[in-house]
Each structure stands twice: as structure tokens, then as C-alpha cells.
Amino acid sequence: MLESKISTREKDGKIQAIVSFKVNGQWKQKTKQGFTTEKDARQWAADTEFTLQKENRAGVVYSDMTLGEVRAMFLDFKKMEGKAPATTAVYEQTTALLEPFFLKPIRTITEYELTAFFLKKRAQTGASYHEHQRMARVLFSFALNALQVIPRNPVKVLKSTNADSRKKYVDSADLAAILSQKMTEAARLAIRLIAETGCRTGEAFGITIQDLRSGEVTINKQMSNWHTLAPLKNKEKGIRICPISDRLYSDLIAFYNAKSEQALDGRIFENRININRYFKSTGTSVHCLRHTHATDLVAMGINPVEAASLIGDTYQTFANTYVHSNNAEREKAVAAIRKMKLQNAN
């Protein structure tokens, strides 16, 4: 049990509450002044003492460590883990947004403060700051789990409130327009791979030479935003074999063999590239290729359960999220209904 005691004293015509407690043999204090009555001062002190005792039982170490100090330790730890310089640079850049909080003791930073901070940033710039929020959560998780200096993680990743105005179905004309733009061969191959398999962007950049066979590719890993290969989040549903065209297979093999220096892990793509920018002119996104592929699988008459397994998702998600109408299939449906009605009329 944490050794602690409560006291009060007069200061500047008001009452100051003091909670003294011992950590590693040394006495520390938490104080608050400005109370007008002894009762209010002692109530605050009792509540504070209760919180300290509860956190002590939960294994939380009391510390006045600031967020800036925790961030410095976090970055040093990532370097000691052997993370690539580019990866640690991303950690440093994304967490730099939290600079207004660097001098605050990390245990005093609340969920309300952080949420209000990110909402204000969104309103000012129109950006989502999703990656910054995600990395802030990783940073506070380090303080919670590795350092044990906070009782809970106060970071909540906010969902986007913008309406999705993307055209979910990418027809052949749109895809041709996207691929006709000036881009690297790696970007072009990744877009073609996603279009033919409906895989996620990370999954496309995560393929290795070992995953390729004539006419097919095995999806069994992904490339993270930090350019490292990682397991799929859902191994049971995610790992699958997808058919690809012979031309795409040959182009991927040729691209890999043409490299002056090949990666030891056999990865086709060295880094994860921002390919979403090539889709803006068509009002779509790279993820819309996944929706398109799912819709095409159903249009080809493939069993929806099997179609769901081919894109690495559950049937429920497949049916509710990925299948969309397209003009060609709509015209076929209308023609079939008209034919049926004419037959019934006769």
C-alpha cells in the first residue's frame, strides 16, 4: 500500500490542500490551493489520495515525466529496436504535432484536451490527421505499458465526418486514364495488381518474389506505413491465392529481375508508394479498385461466399461494403426484366 498523508494550510488568504506520498523512499507532494473552506480542500485531497492508491495497486508508477521526455525515450527505444532511420523519422515527424503538450506532465493530459486539439487542427486545415492520432496513441501506449507512468491511454482516434463522395466503381475508361498518367513503373504495377486482385494497398506492396506463380499471386503479408513487411491482421480470412493475368505476372517478374540490387526478403516493391494521388482526377481512390473487383466478381456469377474469400474478407463485409451497381450490369438487369415482362404478357 502507498504510504500517504493529507494536510492543509493557509496561503494567500485561501486554503491549500496537500497530499504527501512516498515513492521509492522519497516523499513527493501533490498540491492545490485557492479553496475557501477546509471541507472543500480536504475533499479534493481525499479524492486525490484515493486515485494515487488505486493507481499504485494497478502498478502505475507515479512520475512527473513530461510528454516531451516520454517522446524522447520512445524515439530512443525505437532506434534501439533496430528500426530503419526512415521509420524513426516518421515517428519523430508525426509526434512533433503534439509539441504544445511537450512540457506538460503526461499523467495530467486528458482525453478531452487531446480530442479538442485534433478537432481544432481538422477545422483549421481540413486534413484528417488520422496518422498523427494513431501515432499519438502508440506514444501514449508506450507510456502506459512500457513505462507504466499513466493509468490509461487518453488518445481516441477520431473518425472522419466527411461524406464519402467517391465514385466507388472504377470502370475500364477510368482505369485507363489513371494508368496513362506519368508515374514510376512500381506505381503502375501496384495499381494493376490491385485492379486485378482487389487486394488492399498494403497487401499489394507486401508481395515478394516467392508469392508469385504463373497466373496467380499469394497474398499472405502486407507492407506497413513504415515500409516493413508484417503479417496480415486477419490471417484466417486474409491469406489467399488470387488469379492474375499472364502479362501482369511477366511484368512483375521482369521488374524484380531488372533491379540492380534485390532485397534479401524478396520484396517486389522496396517502399510503400503514395499511389492515391493518381486517382483524384477520376473522382475515385485506389481503395475503390477493391470495391470494383468485388462488384465484378459478383457480375461474373461467382458465389458471393467464394468472392468474399478472394478479396480476404467475410461475406457480411463483402455484401454490405464492397458490392456496388455499375451501368453495364444495370442495363443487363433492366433488359432481363423487360424480356421477362414481355414473356408474361404473351
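Structure: see above.
Treat the numbers as computed from the prediction; the structure is a model and nothing was measured. (Residues numbered from 1 in each chain as written. Predicted model: local features only at pLDDT ≥ 70, side-chain atom pairs only at ≥ 80, totals over all residues. Heavy atoms only, no water.)

**Focus: the packing of aromatic side chains**
What counts here: Centres within 6.5 Å make a pair out of two Phe, Tyr or Trp rings, where for Trp the six-membered ring is used; the pair is then stacked when the planes are under 30 degrees apart, edge-to-face when over 60, and tilted otherwise. Relative accessibility decides the category of a residue: with a 1.4 Å probe and only protein chains considered, values under 20% of the type maximum give buried, values over 50% give exposed, and everything between is partly exposed. Note on conventions: DSSP H or I runs of at least 4 residues are helices, E runs of at least 2 residues are strands, and numbering of each starts at the N terminus.
Summed over the entire model, instances satisfying the criterion amount to eight aromatic pairs. For the ring pair Phe-35 and Trp-44, a centre distance of 6.3 Å and an interplane angle of 45 degrees mean the geometry is tilted. With a relative accessible area of 13%, Phe-35 lands in the buried category. Taking the centre distance of 5.6 Å and the plane angle of 65 degrees together, the rings of Phe-74 and Tyr-91 count as edge-to-face. Highlighted residues: Phe-74 in helix H2 (residues 67-80) and Tyr-91 in helix H3 (residues 85-95), separated in sequence by 17 residues.

**A word on the pairing of strand E1 (residues 4-11)**
Our working definition: When DSSP locates at least two bridges between a pair of strands, those strands are taken to pair.
Bridge count for E1 against strand E2 (residues 14-23) is eight bridges, and the pairing is antiparallel. Note that in E2 the partner of Arg-9 across the bridge is Gln-16. Hairpin remark: E1 followed by E2, antiparallel, with two residues in the connecting loop; positive phi at Asp-12, about 55 degrees.

**Section: the sheet that holds E1**
Stated precisely, the cut-off is as follows: Fitted lines through C-alpha atoms serve as axes, helices being fitted only where they are in contact, and the angles separating the N-to-C directions of these axes extend from 0 to 180 degrees.
What the three strands build is an open sheet, ordered E1-E2-E3; its pairing is antiparallel. Of all the strands in the sheet, just E1 and strand E3 (26-35) have a single pairing partner and so form its edges. The average angle at which neighbouring strand axes cross in this sheet is 20 degrees, direction not considered. Of the strand pairs in this sheet, E2 and E3 are connected by eight bridges, and their pairing is antiparallel. The residue of E3 that forms the bridge with Val-23 is Gln-26.

**Comments concerning the sheet that holds strand E4 (residues 212-213)**
Overall, antiparallel pairing links the three strands, which are arranged E4-E5-E8 in an open sheet. Each edge of the sheet is formed by a strand with only one pairing partner; in this case those strands are E4 and strand E8 (240-243). As paired elements, strand E5 (residues 216-219) and E8 share four bridges and run antiparallel to each other. Bridge assignment links Thr-218 to a residue of E8, and that residue is Ile-241.

**Brief notes about the side chain of Ser-20**
Filter applied, for reference: Throughout, a residue-residue contact means that at least one pair of heavy atoms, one from each residue, lies within 4.5 Å.
Locating Ser-20 in the fold gives a position in strand E2. Classification of Ser-20 as buried rests on a relative accessible area of 8%. Ignoring anything within four residues of it in the chain, the contact list for Ser-20 reads Glu-3, Ser-4, Lys-5, Trp-27, Lys-28 and Gln-29.

**Some points on the packing of helix H6 (residues 172-179) against helix H7 (residues 185-197)**
The cut-off we apply is this: We call two directions roughly parallel when the angle between them is under 35 degrees, roughly antiparallel when it is over 145, roughly perpendicular when it lies between 65 and 115, and oblique otherwise. By convention the crossing between two helices is left-handed if the near helix lies anticlockwise of the far one by an angle smaller than a right angle, and right-handed if it lies clockwise. Three classes are used, and their members are as follows: Ala, Val, Leu, Ile, Met, Phe, Trp, Tyr, Cys and Pro are nonpolar, Asp, Glu, Lys and Arg are charged, and the others, Gly among them, are polar.
H7 packs onto H6 with a crossing angle of 165 degrees between their chain directions and a minimal axis gap of 10 Å. In terms of their interaxial angle, H6 and H7 are classed as roughly antiparallel. Judged by the sense of rotation from one axis to the other, the crossing of H6 with H7 is right-handed. When H6 is examined against H7, the residues Leu-175, Ile-178 and Leu-179 are found in contact with a partner set consisting of Arg-188, Ile-191, Arg-192 and Ala-195. Split into classes, the residues belonging to the contact of H6 with H7 amount to five nonpolar, no polar and two charged.

**Overview of the environment of Leu-158**
Along the chain, Leu-158 turns up in the loop between helix H5 (130-147) and H6. For the pair Leu-158 and Thr-115, spaced 43 residues apart in sequence, the C-alpha separation works out to 7.9 Å. Excluding anything up to four places from it in sequence, Leu-158 contacts Thr-115, Phe-118, Leu-119, Arg-122, His-130 and Gln-133.

**Observations regarding the pattern of salt bridges**
The criterion, for reference: The working definition used for a salt bridge is a side-chain nitrogen of Lys or Arg within 4 Å of a carboxyl oxygen of Asp or Glu.
Considering all chains together, one arrives at 14 salt bridges under this definition. A salt bridge links Glu-113 to Lys-104; the nearest nitrogen and oxygen atoms lie 2.6 Å apart. Owing to a relative accessible area of 24%, Glu-113 belongs among the partly exposed residues under this scheme. Linking Glu-185 and Arg-188 is a salt bridge whose minimum nitrogen-to-oxygen distance equals 3.9 Å. Placement of the pair is Glu-185 and Arg-188 together in helix H7, with a separation of three residues, close to one helical turn.

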